[in-house]
Structures are given as structure tokens and as C-alpha cells.
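Each chain is listed here by its residues.
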Amino acid sequence: MKPSFYDLNYSDLEAVISQNDLNPSVASVLFNWHYKKKETAPCQQKISTHSSNFFQENFDFSLPEIDTVYESEKDRTVKFLFKLKDHHKVETVLIPFNNKYSICLSSQVGCAMNCSFCFTGEQGLKRNLTTSEIIGQFLQAWHWLASHRPGEQRILNIVFMGQGEPLHNFDAVKKACEIFLSQHGTSIGIQKITISTAGYIPGLKRWREEIPGVNLALSLHSPFTEKRNELIPLNKKYPLDEVLAYIDEIPLQKKQFITYEYILIKDFNDATDDAKKLGTMLAGKSAYINLIPFNPFPGSRYTCPDWDTIENFKTVLDTFKIPTLIRGTKGDDVLAACGQLNSNNKT
């Protein structure tokens, strides 16, 4: 089986070209062709026939196959079910805002974290995605927009908040970020990429040295140990205090914040005492809080609080002067909202 072209970051591509005595300019031409122009046909412009034939003969340029597309009738969110070459499947979501989109990428087939509030956790971990499978989600979503919503193919934000724990698949996610950030390729701004983690410390240890400029979002969900243990079993191995200590060591750029995600669950973590403890824990940090009303999924034992409770929670956090946003729910009618992805599910 040929290796995928989309597994190569720019330095990898330069090394392949050098090792095979090809013209060094081929690297920028190919990245421009496949990432900036997003062409899928073999590149035959500005490179020799020899170079073109070399890459066609030695690399695979195929992308993950779109199995099913679900479009929200409520808010135009789009959920893709992709079929991979080994017949595993994974989900990806396009979230619209002001005629632009954020894309929520998956990093694994399933997830090993087994978070109780997340539908993906019920799948268990099947395997990590390759860099090409992560990149392929982005490119296929762009092509779908170009075909089905022409003029709207502006994907300006990338969030690794789909299926899987991104830092559990650090190498592939890191390389995907390098490709997205490359000035020769998609040229996504570094603060337009956000990676979410449940608090996987081995990945956080590498973050500081390897991808410090990329935005980080921590799935916090409770400041109390027993409650967080129930929601995120990983907390038993990597306690929140240790996770926060590692995050505090990450160098932040000017105006950069760490986002703390907090799913509000009725009669579990939505009380005034929860808000006060959370505010005390994060006060004085470069913190931004996303409050996420719980999104139900088949078989879930949790429910969403009423709106008054959600607003009261935010009001308490406001007293700690921490920027806090109540995140609107999008795509829940097609199980595309936060915590609802599960590629084994028949939507």
C-alpha cells in the first residue's frame, strides 16, 4: 500500500524530494496545489513530468470517503460520517457562523477516556487516526461546501473536539497542525486552531515544547474531585490540580487564553457552590470559560438544566471577573452537538 501524501508535513516532503534528486521547488508547488487550491487531481503545473510521475507512482492521494451527510434543519450545521479504508467510521462537524464555518475534527476512532457525559466514550477506542485521515476530514468538508453551498467554503477555525482525545494521538495531531499552519499550505492562523483535552498529562508535557502557540481547551466540567472522577475517569490517574499545574507552565502569547469547558448537568454540577468553587480555582488565570448546556444522547442518564439555572451559574462566575460565555447549541437535531458524536450510532 502506498503511503499517503497527506501524511507528509512540509519538511517531510522536502526530505522526500531531496532523497530522490527532484527539484526543491516541487515542495511549495505541491503544497500550494493540494492545500491552497485544494485540488485532488495530480499536479502537472510548474513541475516536470518526471516529478509528477514520481509522486503519482509512489504516493496515495485519496481522501476518506463520505459515507453519510446529515444537515441540521434548525441551524445548517453539517455532520459527516466518513468511511476509512479499513471500514472504520468517524464523524466530523461543520458549524456555521456568519457565512463562515468552524470545523470540529476527530482524532481517533472512538475514545479511551470513557467520559460519562460523552456519547463517543461508549464506543471505546478502536484506533488512532493517521495525519492523512485528520487532514482528509478538512479537505473533504471543504469540497462538500464548494459543491453544495458554493461561495461558503470558508473554514476559518479548526477545533479538535470531535471523537477521541487529541493528546492521546499527539504525533498525528501535531503533524496535522503543522500542515494546517504551513504558509505553503492552508495557512490557518495559529490562534484559529484549538485542541481540547480531558487532561491527558503525557500530551500536556509535550505541548510546551512542540505546539505551544496552538490554543488549548480543557474539559474541566467540575472543580470537585468526586464529581470530576464520575464525569472524566482519567481524573483518577491525572488529577485536576496536576493538570492545571502543567497548563500554567504553557507560555501564552499576547491576548491568548486557555479555554475551560464546563458542561452543565442538571442537579449534578450546576449549583451555586459549583460555580463559586470553579471561580475560585480559575481566578487570576488567563482563563476563558465556555458553559455548555448538556446535550442529551441515546441512553444518557444526564439532563440539561433550565435556562435560569444556567444564567445564574454565569452570574456567579462574573463576580470572579472571568470572561464566560454560554455556548449556543448547534446541530443537536442530528446528534452533531458537543458530546453527541458516535460513529456507531444510526442517527
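Each value, and the rule that gives it
Residues numbered from 1 in each chain as written. Predicted model: local features only at pLDDT ≥ 70, side-chain atom pairs only at ≥ 80, totals over all residues. Heavy atoms only, no water. Pairing = 2+ DSSP bridges. Helix = DSSP H or I, 4+ residues; strand = E, 2+ residues; numbered from the N terminus. Axes fitted to C-alpha atoms, helices over the stretch in contact; angles between N-to-C directions. Contact = heavy atoms within 4.5 Å. Core = buried A, V, L, I, M, F, W, Y, C linked by side-chain atoms within 4.5 Å. Buried < 20%, exposed > 50% of the residue type's maximum accessible area, 1.4 Å probe, protein only. Phe/Tyr/Trp six-rings, centres within 6.5 Å; stacked < 30°, edge-to-face > 60°. Lys NZ or Arg CZ within 6 Å of the ring centre and 35° of its normal. Lys, Arg positive; Asp, Glu negative; His and termini not counted. Salt bridge = Lys/Arg side-chain N within 4 Å of Asp/Glu carboxyl O. Arc of directions from axis to C-beta.

## Quick look at the sheet that holds strand S3 (residues 89-97)
Next up, step 1: Spatial ordering of the open sheet is given by S1-S2-S3-S4-S7-S8-S9-S10-S11-S12, a layout of ten strands whose pairing is mixed. If you trace the sheet from one side to the other, it starts and ends with strand S1 (65-71) and strand S12 (324-326), each paired once. For this sheet, the mean angle separating the axes of adjacent strands, direction not counted, is 25 degrees.
Next up, step 2: Relative to strand S2 (residues 78-83), S1 runs antiparallel, the two being bridged by six bridges. The partner of isoleucine 66 across the bridge, within S2, is phenylalanine 82.
Next up, step 3: Of the strands in this sheet, strand S10 (258-264), strand S11 (287-293) and S12 are in contact with helix H10 (residues 307-318), which crosses S12 at around 170 degrees.

## Details of the environment of isoleucine 66
Next up, step 1: Residue position: isoleucine 66 is located in strand S1.
Next up, step 2: Each C-alpha atom of the pair isoleucine 66 and phenylalanine 82 lies 4.6 Å from the other, and the pair is 16 residues apart in sequence.
Next up, step 3: Discounting chain neighbours no more than four positions away, the residues touching isoleucine 66 are Phe80, Leu81, Phe82, Gln140 and Trp144.

## Digging into the nonpolar core
Next up, step 1: In this structure, Phe5, Phe55, Phe117, Phe160 and Phe180 are the most contacted members of the largest nonpolar core, which totals 105 residues.
Next up, step 2: Per-element tally for this core: the top contributor is helix H4 (residues 131-148), with eight residues.
Next up, step 3: Not counting the four nearest positions on each side in its chain, phenylalanine 5 is found in contact with Leu13, Leu30, Phe31, His34, Tyr35, Phe59, Asp60 and Phe61.

## Observations concerning the packing of aromatic side chains
Next up, step 1: Under the definition given, this model contains 19 aromatic pairs.
Next up, step 2: Measuring from centroid to centroid gives 6.4 Å for phenylalanine 5 and phenylalanine 31, while their planes differ by 65 degrees, and the two rings are edge-to-face. Taken as a pair, phenylalanine 5 in the segment before helix H1 (10-19) and phenylalanine 31 in helix H2 (residues 26-36) lie far apart in primary sequence, 26 residues in all. The exposure classification of phenylalanine 5 matches that of phenylalanine 31, with both residues buried.
Next up, step 3: For the ring pair tyrosine 6 and tyrosine 35, a centre distance of 5.9 Å and an interplane angle of 80 degrees mean the geometry is edge-to-face. Of the two residues, tyrosine 6 is situated in the segment before H1 and tyrosine 35 in helix H2; the sequence distance between them amounts to 29 residues. Grouping residues by exposure puts tyrosine 6 and tyrosine 35 together as buried.
Next up, step 4: The lysine or arginine in question, lysine 79, covers the ring of tyrosine 70, its NZ or CZ lying 5.0 Å from the ring centre.
Next up, step 5: The ring of phenylalanine 268 carries the charged tip of lysine 227 above its face, separated from the ring centre by 5.9 Å.

## Some details on the side chain of lysine 100
Next up, step 1: Tracing the backbone shows lysine 100 in strand S4 (residues 100-104).
Next up, step 2: Although lysine 100 is buried, it makes no salt bridge; glutamate 152 carries the closest opposite charge, 11 Å away.
Next up, step 3: Residues contacting lysine 100, with those up to four places away along its chain left out, are Ile95, Arg154 and Leu156.

## Details of helix H3 (residues 49-58)
Next up, step 1: Buried residues of H3: Ser51, Ser52, Phe54 and Phe55, and no others. Burial along H3 is one-sided: seen end-on, the buried residues are contained in an arc of 160 degrees. Those residues of H3 that are exposed and angled more than 90 degrees off the buried face are Thr49, His50 and Glu57.
Next up, step 2: The secondary structure elements touched by the buried residues of H3 are H1 and H2.

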